[in-house]
Amino acid sequence: MTYCVGMRLNKGLVFMSDTRTNAGVDDISQVRKMRSWHVPGERVITLMSAGNLATTQAVVSLLDERTKAPQDRHPSILSAPSMFQVAMTIGETLRGIVMRHGDEGPMAESIFRASLIVGGQIKGSEPRLFMIYPEGNFIESGEDNPFFQIGETKYGRPMIVRSYDPAMSFEDAVKLLCVSFDSTIQANAGVDLPIDLKVHSRDDFTTVRERRFERDDAYYQSVSDGWAEALGIALAELPDFHF
């Protein structure tokens with residue numbers, strides 16, 4: 001019950017995640033699924049998670065604990081020399097937690113599975129984006145896979161595939177992601193507002209732009225209504241079918 005997207009643009013990185021963790025008949029809850037670490041002037045890192053909540057929170061808590069005294073707690077993502085090393089550290093942390101709780105039988109491990117998206121930039125290097133699997137291994141974003149999704153991916157993917165352009169502005173990317181999330185929310189009760197947004201501009205280690213779209217957010221609602229209206233107009237303008 002999650003939807004997260006990490007997108008690589010020429011201008012930098014864009015991250016968006018929902019907050020729904022449960023959608024039972026009488027038990028609806030929400031938790032922030034996005035976490036960032038920022039060393040002004042030196043590095044910025046954002047992590048998003050999908051899967052077992054206890055597992056993802058354990059990963060974030062352990063990573064966060066190591067950053068409080070990096071010299072005493074290794075390995076810390078704040079001392080990693082590259083984003084590749086950051087992804088490796090997070091992958092090893094995730095694998096360790098999954099395996100630790102998966103020793104009760106061959107099927108127990110699947111209960112604690114989780115997937116992660118991590119991206120950011122360290123001064124002197126390019127912005128990089130990774131998707132980390134429950135086994136701890138990972139893949140990196142490139143020209144052929146410029147964005148990653150985790151969670152309920154299928155409903156919002158067509159919009160991104162059809163409209164993504166690496167040269168697009170951050171504003172257009174946010175608009176596109178709002179459409180993707182709106183389509184997912186309309187189709188699946190396991191994804192819902194509020195939605196968290198974070199933008200990393202290339203080579204900017206001072207300002208990290210972020211926003212939360214609440215249920216009554218005027219911009220998000222205008223995109224949702226406009227997209228529905230545009231679909232109706234587009235459908236009406238398509239050639240009529242005749243038997």
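The structure this text deals with has already been given above.
Please read these numbers as outputs of a predicted model, since none were measured by experiment.

Remarks on the pairing of strand β10 (residues 147-151)
In step 1: Burial analysis of β10 places four of its five residues in the buried class, which makes it a mostly covered element.
In step 2: The pairing of strand β1 (residues 3-9) with β10 spans five bridges and is classified as antiparallel. From the neighbouring strand, glycine 6 faces β10, where its bridge partner is phenylalanine 148.

Structural notes on helix α2 (residues 83-100)
In step 1: Taking 1.5 Å as the rise per residue, α2 with 18 residues should run 26 Å; its terminal C-alpha atoms sit 26 Å apart, in good agreement.
In step 2: Looking at α2, one finds that the buried residues are Met83, Val86, Ala87, Thr89, Ile90, Gly91, Thr93, Leu94, Ile97 and Val98.

Side note on empty space enclosed by the protein
In step 1: Within this structure, the stated rule accounts for one cavity of 30 Å³ or more.
In step 2: Estimated volume of the largest cavity: approximately 30 Å³.
In step 3: Elements with a contribution of two residues or more to the lining of the largest cavity: β2 (12-18), β7 (114-122) and β11 (195-201).
In step 4: Taken together, the residues of the lining of the largest cavity break down into three nonpolar, five polar and one charged.

Here's the deal with the pattern of salt bridges
In step 1: A full pass over the atoms with the stated rule returns 15 salt bridges.
In step 2: Of the charged contacts in the structure, one is a salt bridge between glutamate 42 and arginine 43, with a shortest N-O distance of 2.6 Å.
In step 3: For glutamate 42, a relative accessible area of 26% puts it in the partly exposed group.
In step 4: Through salt bridges with shared partners, a single ionic network connects Arg20, Asp192 and Arg215.

What to know about the pairing of β2
In step 1: Burial analysis of β2 places seven of its seven residues in the buried class, the great majority of the element.
In step 2: In this sheet, β2 lies alongside β1 in antiparallel orientation, the contact comprising six bridges. Within β2, the residue paired with cysteine 4 across the bridge is serine 17.
In step 3: From the end of β1 to the start of β2, which pair antiparallel, there are two residues.
In step 4: Bridge count between β2 and β11: seven bridges; the pairing is antiparallel.

Observations regarding the sheet that holds β10
In step 1: Taken in spatial order, the five strands line up as β10-β1-β2-β11-β12 in an open sheet, and their pairing is antiparallel. Either end of the sheet is taken by a strand with one partner, and the two such strands are β10 and β12 (209-213). The average undirected angle you get between the axes of adjacent strands in this sheet is 10°.

Section: the layout of surface pockets
In step 1: Of the voids in this model, the largest pocket is the one considered here, and its volume is about 240 Å³.
In step 2: As for the largest pocket, its lining consists of 17 residues, of which Thr21, Lys33, Ser49, Leu53 and Thr56 are closest to the centre.
In step 3: Elements with a contribution of two residues or more to the lining of the largest pocket: β3 (20-24), β5 (34-39), β6 (43-51) and α1 (53-68).
In step 4: Across the lining of the largest pocket, the residue classes break down as seven nonpolar, six polar and four charged.
In step 5: Volume-wise, the second largest pocket comes out at about 170 Å³.
In step 6: Looking at the lining of the second largest pocket, the elements that each hand over two or more residues are β1 and β2.

A look at the nonpolar core
In step 1: Residues Met7, Val14, Met16 and Phe213 are the most contacted members of the largest nonpolar core, which totals 28 residues.
In step 2: Within the residue set of this core, elements represented by two or more residues are β1, β2, α4 (157-163), α5 (170-187), β11 and α6 (218-237).
In step 3: Top element by residues in this core is α5. It accounts for nine residues.
In step 4: Setting aside chain neighbours within four positions, we find valine 14 in contact with Val5, Gly6, Met7, Leu9, Phe170, Ala173, Leu177, Leu197, Lys198 and Val199.
In step 5: Leu63, Ala80, Ala87 and Val118 belong to the second largest nonpolar core, which has 20 residues in total.

What counts, and where the lines are drawn
- Residues numbered from 1 in each chain as written.
- Predicted model: local features only at pLDDT ≥ 70, side-chain atom pairs only at ≥ 80, totals over all residues.
- Heavy atoms only, no water.
- Buried < 20%, exposed > 50% of the residue type's maximum accessible area, 1.4 Å probe, protein only.
- Helix = DSSP H or I, 4+ residues; strand = E, 2+ residues; numbered from the N terminus.
- Pairing = 2+ DSSP bridges.
- Expected span 1.5 Å × (residues − 1).
- 1 Å grid on protein atoms, 1.4 Å probe; cavity = no way out; pocket = protein on both sides within 12 Å on 5 of 7 lines; lining within 4 Å.
- Points joined across faces, edges and corners; volume = space filled by probe spheres on them.
- Nonpolar A, V, L, I, M, F, W, Y, C, P; charged D, E, K, R; others polar.
- Salt bridge = Lys/Arg side-chain N within 4 Å of Asp/Glu carboxyl O.
- Axes fitted to C-alpha atoms, helices over the stretch in contact; angles between N-to-C directions.
- Core = buried A, V, L, I, M, F, W, Y, C linked by side-chain atoms within 4.5 Å.
- Contact = heavy atoms within 4.5 Å.

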